[in-house]
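Listed below are the residues making up each chain.
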Amino acid sequence: MTTPLDLRSRILRHYGREKIDLATWVRENLTIEAGQSADYAGLPMDVRRTPHARIIYDFFSDPDAEELNIQKSSAAAMTSAAIAACICLLKTKPCNILY
C-alpha cells in the first residue's frame, strides 16, 4: 500500500527535486570578495569555515525536506548559507522560493 508520504516523495523526485550537494556547489561556484573578508578575499566560499551553518546546507540538499525553522544568534552565517542555497536553486533548478 502506498502511503501519502511515499506518494509525495515520488512526486517530488519526478518533478525535479533532485539531491544537490549544496556544500560542494557553493565551494565550486561562489567566491569571497574583499568587502566580505580581507583574509579570505578571492578564495572559494568554504562551508567548513562555518560548521554551525551546516544545517542549512543539509536541509537544501535533502529532496524530501519542506520546511526549516532555526533559532539562532545574529551574525551566525545562516543568512549567507540561505542566500547561497537560493542562488544554487535558481541556477540549477529554478523554483519558487520563500525566504
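Worth saying up front: this structure is predicted, and the values here are computed from it rather than measured.

Reading the values: rules and limits
- Residues numbered from 1 in each chain as written.
- Predicted model: local features only at pLDDT ≥ 70, side-chain atom pairs only at ≥ 80, totals over all residues.
- Heavy atoms only, no water.
- Helix = DSSP H or I, 4+ residues; strand = E, 2+ residues; numbered from the N terminus.
- Buried < 20%, exposed > 50% of the residue type's maximum accessible area, 1.4 Å probe, protein only.
- Contact = heavy atoms within 4.5 Å.
- Areas by Shrake-Rupley, 256 points an atom, 1.4 Å probe, with all protein chains shown as cover.
- 1 Å grid on protein atoms, 1.4 Å probe; cavity = no way out; pocket = protein on both sides within 12 Å on 5 of 7 lines; lining within 4 Å.
- Points joined across faces, edges and corners; volume = space filled by probe spheres on them.
- Nonpolar A, V, L, I, M, F, W, Y, C, P; charged D, E, K, R; others polar.
- Axes fitted to C-alpha atoms, helices over the stretch in contact; angles between N-to-C directions.
- Parallel < 35°, antiparallel > 145°, perpendicular 65-115°, else oblique.
- Polar contact = N/O pair within 3.5 Å; in protein donor to acceptor, adjacent residues only side chain to side chain.

**Student:** Can you walk me through the overall build of the protein in this structure?
**Tutor:** For the protein, the helix and strand inventory stands at four helices and zero strands. Counting from the amino terminus, the protein carries its helices and strands in the arrangement α-α-α-α. Scored against the burial criterion, the 99 residues of the protein give a buried share of 29%. Summarising the internal contacts of the protein: among those between residues at least 6 apart in sequence, 51% fall at separations of at least 24. Entry remark: accessible area of the protein is about 7300 Å², with carbon and sulfur atoms responsible for 54%.

**Student:** Just checking my understanding: could you explain the layout of surface pockets for this structure?
**Tutor:** To locate leftover empty space, one rolls a probe as large as a water molecule over the atoms. The computed volume of the second largest pocket comes to approximately 300 Å³. Ile32, Met45, Thr50, Ala77 and Ser80 are the residues nearest the centre of the second largest pocket, which is lined by 13 residues in total. Considering only residue class, the lining of the second largest pocket consists of seven nonpolar, four polar and two charged.

**Student:** Explain the packing of helix α2 (residues 22-29) against helix α3 (residues 54-61) to me, please; I cannot follow it from the model alone.
**Tutor:** When two helices pack together, their arrangement is captured by the angle between the axes and the distance separating the axes. For the pair α2 and α3, interaxial distance at closest approach is 8 Å and the crossing angle is 110 degrees. Here α2 is positioned roughly perpendicular relative to α3, judged by the angle of their axes. Of α3, the residues touching α2 (which contributes Leu22, Ala23 and Val26) are Arg54, Ile56, Tyr57, Phe60 and Ser61. Residues of the contact of α2 with α3, tallied by class, amount to six nonpolar, one polar and one charged.

**Student:** Would you take a moment to explain the environment of Glu67 for this structure?
**Tutor:** In this structure, Glu67 sits in the loop between α3 and α4 (78-92). A polar side-chain atom of Glu67 sits 3.2 Å from a polar atom in the side chain of Asn69.

**Student:** Is there a simple way to think about the environment of Cys86 in this case?
**Tutor:** Assignment of secondary structure puts Cys86 in helix α4. When its relative accessible area of 14% is taken as the criterion, Cys86 is described as buried. Separated by 11 residues in the primary sequence, Cys86 and Ile97 have C-alpha atoms spaced 7.3 Å apart.

So, to be careful, I would describe these as geometric facts and stop short of saying anything about function.
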